Amino acid sequence: MTQDEMKQAVARAAIQFVVEGEIIGVGTGSTANFFIDELGKIRDRIRGAVASSEATASRLRGHGIEVLDLNQVSSIPVYIDGADEIDASGAMIKGGGAALTREKIVASVAQRFICIADASKLVQTLGKFPLPVEVIPMAAQAVARSLQAEGGHALLRMRDGAPLVTDNGCHILDVSGLSITDPVALESRINQIPGVVTVGLFARQGASVCLLGHADHVQELRFA
């Protein structure tokens, strides 16, 4: 299977985790898009969805799925999203699609996080994929200097020759050069840097289950 076919396979497999008659949290990115397409086929079996980005909200509505504001929702049984990297403990790097803050907020309300990814995303140690950090624009360089003290090299994410602006009106620093051996501790430290909105480490609250797409099957990993 191609990488897209593996993503499609895990998206189909994730439908089994959708709780009938309930609201579902939906992530952002190419793998999440495949899931949204599958979710559209069973839209009459759910009450609606909470989206982690404007792009996801638009795609959900395109499938006739009602999109709810998180402030309207008291509980979400399941949040389903991809990852840029995931380790054997269920800790993840997310934010390649620039939606890390809203992803983390929606995931924090959900009872379970189901990660869907192709097998290449499973790593022994997080950090080969640059770690996204969403920042208040005026603080970008100050935060970059603090991240350098952590051993990383931070670059401002650009789009069309200008700093990328997130759905929250913020910028993103992509931090390379980190070997993340204690993701929970690093997540806490980076989140304490003044000017950081959130870091794309999902370790304090990682995945409950990961569906990994391989060439000939979907592997299910469960985390404590």
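Everything that follows concerns the structure shown earlier in this document.
Because the structure is a prediction, the values reported are computed rather than measured.

### A short note on the overall build of the chain
Logical step 1: Secondary structure assignment for the chain yields 6 helices and 15 strands.
Logical step 2: A globule of 224 residues ought to have a C-alpha radius of gyration of about 17 Å, and the chain, at 17 Å, matches this closely.
Logical step 3: Counting every position in the chain, which comprises 224 residues, the buried fraction comes to 54%.
Logical step 4: Restricting to contacts in the chain with at least 6 residues of sequence separation, those with at least 24 account for 72%.
Logical step 5: On the chain, roughly 10200 Å² of surface is accessible, and the fraction owed to carbon and sulfur atoms is 47%.
Logical step 6: With 20 positive and 25 negative side-chain charges, the chain shows a spacing of 1 Å between the two charge centroids.

### Remarks on unusual backbone geometry
Negative phi is the rule for most residues except glycine; trans is the rule for most peptide bonds.
Logical step 1: Positive phi values are uncommon outside glycine, yet Ala98 reaches one of about 70 degrees.
Logical step 2: Mapped onto the elements of the fold, Ala98 is located in the loop between β5 (92-93) and α4 (100-109).
Logical step 3: The backbone of Asp160 shows a phi angle near 55 degrees, a positive value even though the residue is not glycine.
Logical step 4: Along the chain, Asp160 turns up in the loop between β9 (158-159) and β10 (162-163).

### Describing the environment of Gly21
Logical step 1: In this fold, Gly21 is placed in the loop between α1 (3-14) and β1 (23-26).
Logical step 2: Gly21 sits 24 residues away from Arg45 along the chain, and the two C-alpha atoms are 5.7 Å apart.
Logical step 3: For Gly21, the contacting residues outside a window of four places in its chain are Arg45, Ile46 and Arg47.

### Some details on a nonpolar patch on the surface
Logical step 1: A contiguous nonpolar surface patch, about 300 Å² in accessible area, is contributed by Ile136, Met138 and Val197.
Logical step 2: Structurally, the position occupied by Met138 is in the loop between β7 (131-135) and α5 (140-149).
Logical step 3: Since its relative accessible area comes to 77%, Met138 is described here as exposed.

Definitions and limits used
Residues numbered from 1 in each chain as written. Predicted model: local features only at pLDDT ≥ 70, side-chain atom pairs only at ≥ 80, totals over all residues. Heavy atoms only, no water. Helix = DSSP H or I, 4+ residues; strand = E, 2+ residues; numbered from the N terminus. Rg over C-alpha atoms; globule rule 2.2 N^0.38 Å. Buried < 20%, exposed > 50% of the residue type's maximum accessible area, 1.4 Å probe, protein only. Contact = heavy atoms within 4.5 Å. Areas by Shrake-Rupley, 256 points an atom, 1.4 Å probe, with all protein chains shown as cover. Lys, Arg positive; Asp, Glu negative; His and termini not counted. Charge placed at Lys NZ, Arg CZ, Asp CG, Glu CD. Patch = residues over 30% accessible without salt bridge, like charges linked within 9 Å, V, L, I, M, F, W, Y side chains within 5 Å. Salt bridge = Lys/Arg side-chain N within 4 Å of Asp/Glu carboxyl O.

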